Amino acid sequence: MTVQLAPSRHPLDPEPAPSTKARAVFTLGLVGLLTGPLIGGVIPATIALLLARQTSREAFAAGGYLTGGAWIRRGRKLAWTGLVLALTALVVAVIAGLLHLAASPVGQDFAPGTD
């Protein structure tokens, strides 16, 4: 019977380091969520999603020496929620505009007795 030991780290291996981009993804996702109902959240949310993709690839390539996966996941969720809120606000604004346009009189309104 052989006993396998956990693979030990080599003394020259670097220590796991936190990813600064992961915090940026979270911050941009939070800004996207907070400004999403104002439709301005589309820009930070989109940047957060693009940066999240890049940061995930870097963390995977680092082989476990780059931490921050939880921050990336949270930032992605916040960014998607911000985009949904922005889309909802846009749809509500379009519907309100259409209802306002439908309630206004059509054509020119002439005074009584005008030929």
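Cut-offs applied
Residues numbered from 1 in each chain as written. Predicted model: local features only at pLDDT ≥ 70, side-chain atom pairs only at ≥ 80, totals over all residues. Heavy atoms only, no water. Helix = DSSP H or I, 4+ residues; strand = E, 2+ residues; numbered from the N terminus. Contact = heavy atoms within 4.5 Å. Areas by Shrake-Rupley, 256 points an atom, 1.4 Å probe, with all protein chains shown as cover. Axes fitted to C-alpha atoms, helices over the stretch in contact; angles between N-to-C directions. Parallel < 35°, antiparallel > 145°, perpendicular 65-115°, else oblique. Left-handed = near helix turned anticlockwise from the far one by under 90°. Nonpolar A, V, L, I, M, F, W, Y, C, P; charged D, E, K, R; others polar. Expected span 1.5 Å × (residues − 1). Polar contact = N/O pair within 3.5 Å; in protein donor to acceptor, adjacent residues only side chain to side chain. Buried < 20%, exposed > 50% of the residue type's maximum accessible area, 1.4 Å probe, protein only. Salt bridge = Lys/Arg side-chain N within 4 Å of Asp/Glu carboxyl O. Patch = residues over 30% accessible without salt bridge, like charges linked within 9 Å, V, L, I, M, F, W, Y side chains within 5 Å. Phe/Tyr/Trp six-rings, centres within 6.5 Å; stacked < 30°, edge-to-face > 60°.

Peer 1: Help me understand the overall build of the chain in this model?
Peer 2: The secondary structure content of the chain amounts to 3 helices and 2 strands. Restricting to contacts in the chain with at least 6 residues of sequence separation, those with at least 24 account for 74%. Just so you have it, the chain exposes about 8,700 Å², and 69% of that area is on carbon and sulfur atoms.

Peer 1: Help me out: how do you make sense of the packing of helix H1 (residues 20-35) against helix H3 (residues 69-103) in this one?
Peer 2: In helix packing, the relevant descriptors are the interaxial angle and the interaxial distance, both defined with respect to the helix axes. Relative orientation of the contacting elements H1 and H3 amounts to 20°, with a least axis distance of 7 Å. What the angle tells us is that H1 and H3 run roughly parallel. Classified by chirality, the crossing of H3 by H1 is left-handed. Facing Ala22, Arg23, Val25, Phe26, Gly29, Leu30, Gly32 and Leu33 of H1, the residues of H3 in contact are Trp71, Ile72, Arg74, Gly75, Arg76, Leu78, Ala79, Thr81, Gly82 and Leu85. In the contact of H1 with H3, the residues fall into 10 nonpolar, 5 polar and 3 charged.

Peer 1: I tried to follow H1 on my own but got confused; where do I start?
Peer 2: One turn of the α-helix equals 3.6 residues, which is why residues spaced by three or four share an orientation. With 16 residues, H1 extends 23 Å from end C-alpha to end C-alpha; this agrees with the ideal 22 Å at 1.5 Å per step. Buried residues along H1 sit in contact with helix H2 (42-61) and H3. The N-capping residue of H1, defined by a side-chain oxygen 3.4 Å from the backbone nitrogen of Lys21, is Ser19.

Peer 1: Whenever I open this one, unusual backbone geometry confuses me. Can you help?
Peer 2: Negative phi is the rule for most residues except glycine; trans is the rule for most peptide bonds. With a phi close to 70°, Ile39 is a non-glycine residue in the positive phi region. Taking the relative accessible area as the measure of exposure, Ile39 reaches 35% and is therefore partly exposed.

Peer 1: Quick question: what am I supposed to make of the pattern of salt bridges here?
Peer 2: Side-chain pairing between opposite charges can occur once the charged atoms of the two side chains come close. Considering all chains together, one arrives at 1 salt bridge under this definition. Measuring nitrogen to oxygen at the nearest pair gives 2.9 Å for the salt bridge that ties Glu58 to Lys21. Here Glu58, found in helix H2, pairs with Lys21, found in helix H1; they are 37 residues apart in sequence, far enough to count as distant. Taking relative accessible area as the criterion, Glu58 reaches 32% and is therefore assigned partly exposed. For Lys21, a relative accessible area of 26% gives the class partly exposed.

Peer 1: I tried to follow a nonpolar patch on the surface on my own but got confused; where do I start?
Peer 2: Judged by side-chain polarity, Ile39, Val42, Ile43, Ile47, Leu87, Leu90, Val91, Val94, Ile95, Leu98, Leu99 and Leu101 come together as a nonpolar surface patch covering roughly 1,100 Å² of accessible area. Of all elements in the fold, only H2 and H3 reach the threshold of two or more residues within the nonpolar patch. Sorting elements by how many residues they give to the nonpolar patch places H3 first, with 8 residues. Among the secondary structure elements, Leu99 is positioned in helix H3.

Peer 1: Hey, could you run me through the packing of aromatic side chains in this one?
Peer 2: When we look at a pair of aromatic rings, we describe it by the centre distance and by the angle of the planes. Summed over all chains, the structure comprises 1 aromatic pair. Each ring, one from Phe26 and one from Trp71, has its centre 4.9 Å from the other, and the planes form 75°; the classification is edge-to-face. With a gap of 45 residues between them, Phe26 in helix H1 and Trp71 in helix H3 connect regions that are remote in the sequence. A relative accessible area of 21% means that Phe26 is categorised as partly exposed.

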